[in-house]
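Here are the chains, one letter per residue:
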Amino acid sequence: MIIISGSNSQNLAYRVSKLTNSELLRTEFKKFPDGELYIRIHGDVKNRDVFLIQTQNNQNDSIVETILMCDVLRDEGAKSINLVAPYLAYARQDKKFNDGEPISIRALAKLYSNLCDKLITINPHEVHIEAFFDIPFIHGNAVNKLAEYAKDKLNNPVVLSPDKGAIELAKTASEVLDCEYDYLEKTRISPTEIKIAPKNLDVKDRDILIVDDIISTGGTMAKAIAMLKEQGAKKVIASCVHPVLIGDALNKLYIGGADEVIGTDTYPSEVSKISVDTVIADLIKF
Ligand code: R5P
């Protein structure tokens with residue numbers, strides 16, 4: 001087995017190569033003055049199972065880089081090409097929300113199904129996207145790592161998900177913390193006012209871990225944190241697997257009352273304090 005790093009995941013690829021005792025090949029990346037990409041893989045991949053680790057946080061460039069890398073790997077005779085995209089770009093456009101829109105992740109799934117033999121990702125937004133792939137689609141869960149990080153920082157904790165759809169994430173984290181879990185419910189109080197509160201639990205004087213798959217603009221999370229603090233929560237750690245954190249999202253979360261914001265290196269950011277290295281190593285070693 002050989003590990004190859006895309007330009008976005010050089011640290012992660014190194015860590016996974018150590019954990020799996022695999023050779024890490026050198027890859028060269030350049031950008032031409034007009035914006036086009038150049039890549040070169042150094043070393044022999046012939047008849048080897050290759051794991052290409054390339055997260056897609058700079059969406060379009062990382063997708064083009066992936067296409068180029070898979071093409072050369074096929075050309076050079078790799079036995080199998082296994083794409084590890086811890087953050088899978090365009091996964092949130094998983095259906096037509098309006099007429100005339102593409103199902104973006106389906107379009108990309110067709111492409112990846114031609115380029116490689118397997119795709120591995122972490123906490124995709126919706127797992128039903130698996131059906132768009134003609135190759136094995138394997139997804140890992142990094143939520144327990146978020147909970148392990150937060151464990152010693154919380155007293156009398158409760159784990160919450162921002163909505164009912166993400167309750168399984170809260171359940172996973174609660175098993176690590178050995179505590180109760182719930183989801184946040186939005187209730188409209190008046191045409192201009194909404195209330196966000198846990199469906200069943202009281203948060204007064206409790207420490208809270210909120211878990212979500214992604215924090216993007218931070219709007220959902222900031223509002224939830226502010227309301228939990230109003231309801232008497234002592235400490236709130238806002239966590240997510242993919243800290244996309246567009247623009248002033250992080251600032252919004254702290255102003256909203258977050259005591260700490262944590263995320264993983266699927267989407268390298270200021271708060272990527274936790275690595276998904278072991279999750280990926282477990283998935284590729286099986
Ligand atoms: C929603 O289904 C997701 O799990 C996130 O809660 C959402 O995408 C977060 O978006 P934002 O940070 O922009 O509120």
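Draft legend 1. Seen up close, the packing of helix H2 (residues 59-75) against helix H3 (residues 104-115). With their axes 10 Å apart at the nearest point, H2 and H3 run at an angle of 20 degrees to one another. Taken together, the axis directions place H2 and H3 in an arrangement best described as roughly parallel. Crossing geometry of H2 relative to H3 is assigned as left-handed. Contacts between H2 and H3 pair Ile63, Thr66, Ile67, Cys70 and Arg74 from the former with Leu108, Leu111, Tyr112, Asn114 and Leu115 from the latter. Of the residues assigned to the contact of H2 with H3, the class counts are seven nonpolar, two polar and one charged.

Draft legend 2. Inspection of the pattern of salt bridges at higher detail. The full count for this structure, using the stated rule, is 12 salt bridges. We note a salt bridge from Arg48 to Glu23, for which the minimum N-O separation is 3.6 Å. With Arg48 in the loop between strand S3 (37-42) and strand S4 (49-53) and Glu23 in strand S2 (residues 23-31), this pair connects stretches of sequence that are 25 residues apart. Overall, Glu23 belongs to the partly exposed group, its relative accessible area being 40%. Linking Lys171 and Glu175 is a salt bridge whose minimum nitrogen-to-oxygen distance equals 3.5 Å. On the criterion of helical spacing, the pair formed by Lys171 and Glu175 is a turn pair, its members being four residues apart in helix H5 (residues 167-177). Residue classification places Glu175 among the exposed residues on the basis of a relative accessible area of 56%. Each of Arg15, Lys145 and Asp277 takes part in salt bridges that share partners, so that together they form one network.

Draft legend 3. How the structure looks around the pairing of strand S5 (residues 80-84). Most of S5 is tucked away: five of the five residues are buried. Looking at chain direction, S4 and S5 are connected through five bridges and run parallel. Note that in S5 the partner of Val50 across the bridge is Ile81. Running through H2, the crossover from S4 to the neighbouring parallel element S5 is right-handed. As defined by bridge partners, S5 adjoins strand S6 (residues 118-122) across three bridges and the pair is classed as parallel. Bridge assignment links Val84 to a residue of S6, and that residue is Ile120. One crossover worth recording links S5 to the parallel S6 by way of H3, and it is right-handed.

Draft legend 4. Layout of the sheet that holds strand S7 (residues 137-140). Pairing in this open sheet of seven strands is mixed, and the strands run S3-S2-S1-S4-S5-S6-S7 from one edge to the other. Each end of this open sheet is capped by a strand with a single partner; those strands are S3 and S7. Along the sheet, successive strands turn relative to each other by an average axial angle of 20 degrees, direction set aside. The sheet strands contacting helix H8 (residues 277-285) are strand S1 (2-5), S4, S5, S6 and S7, and the helix crosses S6 at an angle near 155 degrees.

Draft legend 5. Structural detail: the site of the ligand. The environment of the ligand is formed by Arg92, His125, Asp212, Asp213, Ile214, Ile215, Ser216, Thr217, Gly218, Gly219 and Thr220. Ser216 places a polar main-chain atom, nitrogen or oxygen, 2.8 Å from an oxygen atom of the ligand. Listed by contribution, the elements that provide at least two residues to the shell around the ligand are strand S11 (207-215) and helix H6 (219-230). Sort the elements by how many residues they give to the shell around the ligand and S11 lands first, with four residues.

Draft legend 6. Expanded view of unusual backbone geometry. Backbone geometry at Asn123 places phi at a positive 35 degrees, although glycine is not the residue there. Its place among the elements puts Asn123 in the loop between S6 and S7. Given a relative accessible area of 8%, Asn123 falls into the buried group. A positive phi is found at Asp205, a non-glycine position, where the angle reads about 65 degrees. Structurally, Asp205 can be placed in the loop between strand S10 (193-198) and S11.

What counts, and where the lines are drawn
Residues numbered from 1 in each chain as written. Predicted model: local features only at pLDDT ≥ 70, side-chain atom pairs only at ≥ 80, totals over all residues. Heavy atoms only, no water. Axes fitted to C-alpha atoms, helices over the stretch in contact; angles between N-to-C directions. Helix = DSSP H or I, 4+ residues; strand = E, 2+ residues; numbered from the N terminus. Parallel < 35°, antiparallel > 145°, perpendicular 65-115°, else oblique. Left-handed = near helix turned anticlockwise from the far one by under 90°. Contact = heavy atoms within 4.5 Å. Nonpolar A, V, L, I, M, F, W, Y, C, P; charged D, E, K, R; others polar. Salt bridge = Lys/Arg side-chain N within 4 Å of Asp/Glu carboxyl O. Buried < 20%, exposed > 50% of the residue type's maximum accessible area, 1.4 Å probe, protein only. Pairing = 2+ DSSP bridges. Right-handed = clockwise from strand over helix to strand, strands pointing away. Near = heavy atom within 4 Å. Polar contact = N/O pair within 3.5 Å; in protein donor to acceptor, adjacent residues only side chain to side chain.

Any functional reading would require information beyond the geometric quantities listed.
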